[in-house]
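Coordinate analysis (summary)
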Amino acid sequence: MRVKWAMLVALVCVALAVAGTACAAAQERPTERVSPAPQVNPAAVVWRTPEPPPNPQAGDVWADPRDGMELVYVAAGEFILGTTDAQLDALLRELPTDERSWFEREQPQCRVNLPAYWIGRTEVTNAQYLRFVQATGQRAPQHWASGRPPAGLENFPVVYVSWEDARAYCEWAGGRLPTELEWEKAARGADGRIFPWGNEWDRAKCRNFQGITGRSYGDIGELMSALQVWLTGHDLLREGPAALGSYPSGASPYGCQDMAGNVWEWCEDWYDEEAYRRYARGDLTPPASGSLKVLRGGSWLRDDPQDFRCASRYDTHPDYRYYSHGFRCVRLP
């Protein structure tokens with residue numbers, strides 16, 4: 001009996017050792033590195049597993065097998081939200097003073113602590129959205145002929161999607177749209193930078209109309225007139241937005257691409273002009289209702305640097321489908 005018991009204990013120990021070895025192997029970090037490496041963690045890796053890994057580090061990328069989306073891991077912790085008075089004063093030196101109220105909705109600047117999450121390294125592409133349409137029967141964007149994206153635009157951001165379209169895609173992919181807070185942290189990191197790449201405007205680091213045409217425009221009227229002329233001789237779908245990842249030097253500290261320019265991005269939140277004041281008081285509850293949804297990031301048809309700032313907030317009707325509106329997804333650990 002003692003011999004049998006000893007053998008049983010030995011077998012259990014071996015089994016536990018094997019299980020422990022298997023668990024340790026599952027926890028090993030891959031050798032494939034993220035390229036280009038995010039600023040928050042130059043040693044970030046790419047996970048190609050059925051589900052998100054249990055032990056990611058900031059800047060790691062998980063390739064979701066459902067739609068092929070690469071999601072970046074944003075670790076839990078604080079970041080700097082919003083715009084300071086000094087930054088606002090600097091903006092208004094270049095703009096009419098009666099626009100102060102527009103930018104005050106980004107105030108006050110404060111520190112906010114968020115739980116961890118995964119967020120799309122890029123905006124959702126036409127090719128990824130096609131998988132969703134084919135899997136669910138969801139309506140295709142209005143410019144797709146025969147329910148398919150135009151040839152050659154598979155790696156361009158999907159556009160002409162409403163907030164509800166974007167929300168439905170994210171749910172199908174196992175996630176949701178990012179909140180304003182999640183979007184802004186992924187765009188600017190923890191150091192409060194003004195643009196995803198730093199504090200100085202550089203039109204060469206994102207897709208914008210001035211970069212496309214090589215000209216600057218004095219005001220919104222001049223910009224819209226120039227855009228109308230430009231559209232008569234150009235294809236807005238092929239020459240407006242760019243293929244995803246075309247501006248790697250404009251990546252955020254986490255390695256997220258195109259968080260300035262390319263297309264405006266839908267967020268989960270209802271728009272609330274007073275939201276940042278509540279966040280500064282410690283109440284991080286998203287607005288419960290409203291008539292408008294939040295868009296972030298600017299787009300290719302804008303040329304004013306203020307639109308491309310990480311803190312810039314925009315709003316529009318959730319059923320609005322436009323050629324400069326797209327989105328990226330968030331997934332919780």
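Scroll up a little and you will see the structure.
Residues numbered from 1 in each chain as written. Predicted model: local features only at pLDDT ≥ 70, side-chain atom pairs only at ≥ 80, totals over all residues. Heavy atoms only, no water.

1. Focus: the overall build of the protein
Scanning the protein from terminus to terminus reveals ten helices and eleven strands. Taking the principal axes of the C-alpha coordinates as reference, the protein spans close to 95 × 50 × 35 Å. Evaluated residue by residue, the protein yields a buried proportion of 50% over its 333 residues. Across the protein, contacts joining residues at least 24 apart in sequence account for 71% of those joining residues at least 6 apart. Across the protein, 35 positive and 43 negative side-chain charges occur, with their mean positions spaced 7 Å apart. (Helix = DSSP H or I, 4+ residues; strand = E, 2+ residues; numbered from the N terminus. Buried < 20%, exposed > 50% of the residue type's maximum accessible area, 1.4 Å probe, protein only. Contact = heavy atoms within 4.5 Å. Lys, Arg positive; Asp, Glu negative; His and termini not counted. Charge placed at Lys NZ, Arg CZ, Asp CG, Glu CD.)

2. Observations concerning the nonpolar core
Counting residues in each nonpolar core, the largest one holds 30 residues, and the members touching the most others are Leu81, Val112, Tyr117, Ile119, Ala186 and Met259. Counting residues per element, the ones that place at least two in this core are β3 (70-74), β4 (77-81), β5 (110-114), β6 (117-120), α6 (180-188) and α10 (275-280). The dominant element in this core, judged by the number of residues it contributes, is α6, at four residues. Those residues in contact with isoleucine 119 that lie beyond four places of it in its chain are Glu70, Leu71, Val72, Val74, Pro178, Glu182, Ala186, Cys256, Met259, Arg328, Cys329 and Val330. Core analysis: the second largest hydrophobic core is formed by 29 residues, Val45, Trp62, Trp144 and Trp264 among them. (Core = buried A, V, L, I, M, F, W, Y, C linked by side-chain atoms within 4.5 Å.)

3. A word on the pairing of β6
Along β6, one buried face is formed by Tyr117 and Ile119 and the opposite face, lined by Trp118 and Gly120, is buried too. Bridge analysis of β3 against β6 gives four bridges, and the strand direction is antiparallel. Its bridge partner being in β6, leucine 71 is matched across the sheet by glycine 120. Where β6 lies against strand β11 (residues 330-331), two bridges are found, and the strand directions are antiparallel. Residue tryptophan 118 lies in a different strand from β11, and its bridge partner there is arginine 331. (Pairing = 2+ DSSP bridges.)

4. A word on the sheet that holds strand β7 (residues 264-270)
Spatially, the four strands line up as an open sheet ordered β9-β8-β7-β10, and their pairing is mixed. At either margin of the open sheet sits one strand with a lone partner, and together these are β9 (314-316) and β10 (325-326). As paired elements, β7 and strand β8 (residues 293-296) share three bridges and run antiparallel to each other. Each bridged residue has a counterpart across the sheet, and for glutamate 265 the counterpart in β8 is arginine 296.

5. Section: the side chain of serine 252
Mapped onto the elements of the fold, serine 252 is located in the loop between α9 (236-239) and β7. Residue serine 252 is classed as buried on the basis of its relative accessible area, which comes to 3%. Of the polar contacts made by the side chain of serine 252, one reaches the backbone oxygen of alanine 186; its length is 2.8 Å. Once residues within four sequence positions are removed from consideration, serine 252 is found in contact with Ala186, Ala187 and Pro196. (Polar contact = N/O pair within 3.5 Å; in protein donor to acceptor, adjacent residues only side chain to side chain.)

6. Concerning the pattern of salt bridges
Scanning the model with the defined rule gives 23 salt bridges in all. With a closest N to O distance of 2.8 Å, glutamate 70 and arginine 121 form a salt bridge. On the criterion of sequence distance, the pair formed by glutamate 70 in strand β3 and arginine 121 in the loop between β6 and α4 (126-136) is long-range, its members being 51 residues apart. Close ionic contact of glutamate 106 with arginine 309 constitutes a salt bridge, the shortest N to O distance being 2.8 Å. With glutamate 106 in the loop between α3 (100-104) and β5 and arginine 309 in the loop between β8 and β9, this residue pair connects regions lying 203 residues apart in the sequence. According to the relative accessible area criterion, arginine 309 is buried, its value standing at 6%. Residues joined by salt bridges that share partners form a network here, namely Glu180, Glu184, Arg188, Arg296 and Arg313. (Salt bridge = Lys/Arg side-chain N within 4 Å of Asp/Glu carboxyl O.)

7. Looking at the side chain of arginine 121
Judged by relative accessible area, which is 10%, arginine 121 ranks as buried. Only 2.9 Å separates the side chain of arginine 121 from the backbone oxygen of serine 35, close enough to count as a polar contact. If we skip the residues at most four places from it in the chain, arginine 121 touches Val34, Ser35, Pro36, Val61, Met69, Glu70, Leu71, Val72, Gly255, Cys256, Gln257 and Arg328.

8. Description of the sheet that holds β6
Read across the open sheet, the five strands follow the order β1-β2-β3-β6-β11; overall the sheet is mixed. Looking at the sheet topology across the chains shown, the edges are occupied by β1 (46-47) and β11.

9. Things to note about the pairing of β5
Of the two faces of β5, the one holding Cys110, Val112 and Leu114 is buried and the one holding Arg111 and Asn113 is not buried anywhere. Two elements, β4 and β5, share five bridges in a ladder whose sense is antiparallel. Of the residues in β5, the one forming a bridge with glycine 77 is leucine 114.

Such coordinate-based values are descriptive only and should not be taken to indicate function.
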